[in-house]
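Fold and geometry: a report
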Amino acid sequence: MKKTRQVTVGSVKIGGGAPIAVQSMSTFSPVDTAYAAAQINALAKEGADIVRMAVPDRKAAEALKELRQRVSIPLVADIHFDYRLALTAIDAGIDALRINPGNIGKRENVVKVVTQAKERHIPIRIGVNAGSLPEELLDKYGGHPTAEGMVEGALRHVKILEEEHFHDIVISVKATDVPMMVKANRLLSEQLNYPLHLGVTEAGTLYRGTIKSAIGIGALLLDGIGDTIRISLTDDPLKEVIAAKEILSMVGMRQYGPTLISCPTCGRTQVNLIEMAKAVEEKIKKFKKPVKVAVMGCAVNGPGEAREADFGIAGGKGFGHVFRKGKVICSVPEEQLIDRLMEEIEKYEMEEEN
């Protein structure tokens, strides 16, 4: 990974070689404090590192104070246009701000926010979306959003903060168009050393949105670009966190408990492999160790094909194998396969704890 400048959001380090932080956004206003707190605590339990809150008015900004006391996870206030909301959020104990310095009014207003953020050691995330570029930048690059226009917009905002000697900055350039988002982040990474927050904005519903995000964010992570991510889904934000964890696990950046490996079913399969894989996927959620667990449909080739798995099962006709690192450790009736697999993983976790 590219080693970027490090900033601190509450208790979470971003950039500078720190683990990639998973973010999500609450669907509640801070005014609905009890509901927002319950959702944020659930997101934290699921694995989120940071949660962002929309702060559209003064009531919402003032409500952050009580909300901050009800949750332990760092909170980011998302503010547009009214600099006074940023000042109120800072007084309420917010951990970071998400603003665009260019849309909160006069230069003196930006200075007021930056001065308070600097004194309280509160980072600012500059967010530029393809869908909200100013007309002047759209005209400059052909009348439509481009990666180059997004990057220029971000650089302009960065310059405003740097001129005030403020450097606790995180930058995001997001688009719903995956190639544009990837290109913009690559261009920005070449020009600046600030940590980057990755996301495909307005990615869509669970299935399509997860695929779009995995392609865009995954491509950049494999390039060594990115310090924090959010999967933007039209769904329960808990699913955003689950998807983010899976993406980070798949690219080898972070591990969150067991990973399932399963083969596609074929004509050699003589067990209900689909249901078996679903059952194992659900049951291994309780384990904490980052082991690889395989569910294979062929008792002959299965163990060898999944030899890199820590544990696995391979179905046959009426019976199956339980294996570890490609070596069969026992053969049991088909109906006992999953239970026997769970016993082996439980035994391993107990051994590791002792």
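From a predicted model like this one, the values you see are computed outputs, not experimental measurements. (Residues numbered from 1 in each chain as written. Predicted model: local features only at pLDDT ≥ 70, side-chain atom pairs only at ≥ 80, totals over all residues. Heavy atoms only, no water.)

**Here's the deal with the overall build of the chain**
Each helix and strand in the chain was counted, giving 12 helices and 15 strands. Relative to its full complement of 354 residues, the chain shows a buried share of 53%. Sequence-distant contacts, at least 24 apart, represent 63% of the contacts inside the chain between residues at least 6 apart. Per element, the accessible surface of the chain, about 16500 Å² overall, is 51% carbon and sulfur. Of the charged side chains in the chain, 46 are positive and 46 negative, and the gap between their average positions amounts to 2 Å. (Helix = DSSP H or I, 4+ residues; strand = E, 2+ residues; numbered from the N terminus. Buried < 20%, exposed > 50% of the residue type's maximum accessible area, 1.4 Å probe, protein only. Contact = heavy atoms within 4.5 Å. Areas by Shrake-Rupley, 256 points an atom, 1.4 Å probe, with all protein chains shown as cover. Lys, Arg positive; Asp, Glu negative; His and termini not counted. Charge placed at Lys NZ, Arg CZ, Asp CG, Glu CD.)

**A short note on unusual backbone geometry**
One non-glycine residue with positive phi stands out, namely F81, at about 75°. Positionally, F81 belongs in the loop between β5 (75-78) and α3 (83-91). One non-glycine residue, H165, lies in the positive phi region at around 60°. By the secondary structure assignment, H165 is in the loop between α6 (147-163) and β8 (169-174). Overall, H165 belongs to the exposed group, its relative accessible area being 61%.

**A few points about the nonpolar core**
Ranked by size, the top nonpolar core spans 78 residues in total, and within it L64, L67, I79, L97, M150 and I171 carry the most contacts. Core analysis: the second largest hydrophobic core is formed by 21 residues, V271, L273, V332 and M342 among them. (Core = buried A, V, L, I, M, F, W, Y, C linked by side-chain atoms within 4.5 Å.)

**Observations concerning the domain arrangement of the chain**
The assigned domain composition of the chain is domain 1 (7-251) and domain 2 (259-351). Distance between the C-alpha centres of domain 1 and domain 2: 40 Å. (Domains from an automatic or database assignment.)

**A look at the pattern of salt bridges**
Counted under the stated rule, the structure contains 25 salt bridges. Where D49 meets R254, a salt bridge forms, and the shortest distance between an N and an O atom there is 3.0 Å. One end of the pair, D49, is in the loop between α1 (33-46) and β4 (50-54); the other, R254, is in the loop between α9 (237-250) and β11 (259-262), and 205 residues separate them in sequence. Looking at D49, the relative accessible area reads 17%, which means it is buried. Put simply, K325 and D310 hold a salt bridge, and the shortest N to O gap is 3.1 Å. Here the residue K325 occupies a position in the loop between β14 (319-324) and β15 (327-333), and D310 occupies one in the loop between α11 (302-305) and β13 (311-315), the gap between them amounting to 15 residues. Judged by its relative accessible area of 47%, K325 is partly exposed. By relative accessible area, D310 is classed as buried at 18%. Connected through salt bridges with shared partners, the residues E136, K140, E152 and R156 form a single ionic network. (Salt bridge = Lys/Arg side-chain N within 4 Å of Asp/Glu carboxyl O.)

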